[in-house]
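So you can see what is in the structure, the chains are spelled out below.
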Amino acid sequence: MFILVNLKAYPCDPIEVATAARDVAEESGVRIAVSPQAADISRVADTGVETWAQHVDPNDYGSHTGSTLAEAVAEAGAVGTLINHSEKRMKLADIDGSVQAAERAGLETCVCANNPAQIGAVSALGPDSVAVEPPELIGGDVSVATADPGIVTDAVDSAANVDEDVDVYCGAGISTGDDVVTAEELGASGILLASGVAKADDPRAALEDLVSGL
Ligand SMILES: O=C[C@H](O)COP(=O)(O)O
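Values in this document were obtained by computation on a predicted structure and should not be read as measured data. (Residues numbered from 1 in each chain as written. Predicted model: local features only at pLDDT ≥ 70, side-chain atom pairs only at ≥ 80, totals over all residues. Heavy atoms only, no water.)

K.L.:
Talk me through the nonpolar core; I want residue IDs and the actual numbers.
P.N.:
Counting residues in hydrophobic clusters, the biggest one holds 51 residues, and the most contacted among them are V5, I32, C170 and L207. Take this core: its biggest share by element is 6 residues, from helix 1 (residues 14-28). Among residues more than four places away in sequence, those in contact with I32 are F2, I3, V5, A21, V24, A25, V49, E50, L207 and V211. (Core = buried A, V, L, I, M, F, W, Y, C linked by side-chain atoms within 4.5 Å. Buried < 20%, exposed > 50% of the residue type's maximum accessible area, 1.4 Å probe, protein only. Helix = DSSP H or I, 4+ residues; strand = E, 2+ residues; numbered from the N terminus. Contact = heavy atoms within 4.5 Å.)

K.L.:
Hey, could you go over the pattern of salt bridges for me, with residue numbers and the actual values?
P.N.:
Pairs can form between side chains of opposite charge whenever their charged atoms are close. This model, assessed by the stated rule, comprises 8 salt bridges. Among the ionic pairs, E50 bridges to R31, the shortest N-O distance being 2.7 Å. You can see E50 sitting in strand 3 (residues 50-53) and its partner R31 sitting in strand 2 (residues 31-35), a full 19 residues away along the chain. Measuring nitrogen to oxygen at the nearest pair gives 2.7 Å for the salt bridge that ties R104 to E71. Taken together, the residues R104 in helix 4 (residues 92-104) and E71 in helix 3 (residues 70-76) connect sequence positions 33 residues apart. On the basis of relative accessible area, E71 is assigned to the buried category, the value being 15%. Linked through salt bridges whose partners overlap, the residues forming this network are R22, D23 and R204. (Salt bridge = Lys/Arg side-chain N within 4 Å of Asp/Glu carboxyl O.)

K.L.:
Tell me about unusual backbone geometry, residues and numbers included.
P.N.:
At N84, a position not held by glycine, the phi torsion is positive, near 65 degrees. Here N84 lies in the loop between strand 4 (80-83) and helix 4. For N84, a relative accessible area of 9% puts it in the buried group. Phi is positive for A172, close to 115 degrees, though the residue is something other than glycine. When you line up the elements, A172 lands in the loop between strand 7 (167-171) and helix 8 (177-185). Looking at A172, the relative accessible area reads 5%, which means it is buried.

K.L.:
Please set out the side chain of N59 residue by residue, giving values where relevant.
P.N.:
Tracing the backbone through its elements, the reader meets N59 in the loop between strand 3 and helix 3. A residue is classified by how much of its surface remains accessible, and N59, at 13% relative accessible area, is buried. Within the local environment of N59, its side chain forms a polar contact with the side chain of S67, the two groups lying 3.3 Å apart. Other than its neighbours up to four places away in sequence, N59 contacts H64, S67, L69, A101 and R104. (Polar contact = N/O pair within 3.5 Å; in protein donor to acceptor, adjacent residues only side chain to side chain.)

K.L.:
So what about the UniProt feature "binding site: substrate" (unreviewed entry) in the protein? Which residues, and what values?
P.N.:
Summarizing the sequence annotation, UniProt attributes the feature "binding site: substrate" (unreviewed entry) to N6, L7, K8, I138, G173, A194 and S195 in the numbering used throughout. The largest pairwise C-alpha distance within this set of annotated residues, which runs over 190 residues, is 14.3 Å, so the set is compact in three dimensions. Of the annotated residues named above, the ones that line the largest pocket are N6 and K8. Tracing the sequence through the fold places N6 in strand 1 (residues 2-6). On the basis of relative accessible area, N6 is assigned to the buried category, the value being 4%. (UniProt positions renumbered as here; feature names shortened; annotations may be inferred. 1 Å grid on protein atoms, 1.4 Å probe; cavity = no way out; pocket = protein on both sides within 12 Å on 5 of 7 lines; lining within 4 Å.)

K.L.:
Tell me about a negative patch on the surface, and name the residues and values.
P.N.:
The grouping of D13, E16, E26, E27, D201, D202 and E208 at the surface amounts to a negative patch. With 3 residues, the top contributor of residues to the negative patch is helix 1. Position of E16 among the secondary structure elements: in helix 1. (Patch = residues over 30% accessible without salt bridge, like charges linked within 9 Å, V, L, I, M, F, W, Y side chains within 5 Å. Areas by Shrake-Rupley, 256 points an atom, 1.4 Å probe, with all protein chains shown as cover. Lys, Arg positive; Asp, Glu negative; His and termini not counted. Charge placed at Lys NZ, Arg CZ, Asp CG, Glu CD.)

Listed below in structure tokens is the structure:
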């Protein structure tokens, strides 16, 4: 299982989370990555943790003020990027452009989607992975894997029907090791989570719990 920790714009200490994630990954052997604010990518990557961007724009180099250039986040130390989060929604054509921009820059890609139908659509764009996240469960304390297990299994089927090489992750409300194990049993090969770590009093303990059943 891959555990991808999205720090969103939470007021946590990205270096505290990054060092904890690096250590827990080394101790457990579980792949864990941290996705900080773009401005924090460089110093998070310097900790040695696998670092992802939260977003890249579809554009190439050029006159694109305010854009997040895929090459720039890769140069800063990111090795992957989220695309089309529920909190950063994009048009399908722009998702396609961002996947291509990320691939051009050598970034691994995870395209988020709200439901299995959207998972099928974005899987056709050729990302490395997709993540299904029901928006109404994001930031809550009920895991998608227990609240709506069918959405995870349907997302796995939907992606496989389009491209069997696309990994399927799930997210929303995941905060415990039991949630991770349940998601794995439903066919997910990774977890996308945020508040369970970014808002935890002890991020290291939260991460240790997340990998405890793997
Ligand atoms: O990117 C992460 C997801 O939106 C899940 O967030 P959450 O773990 O706070 O529910």
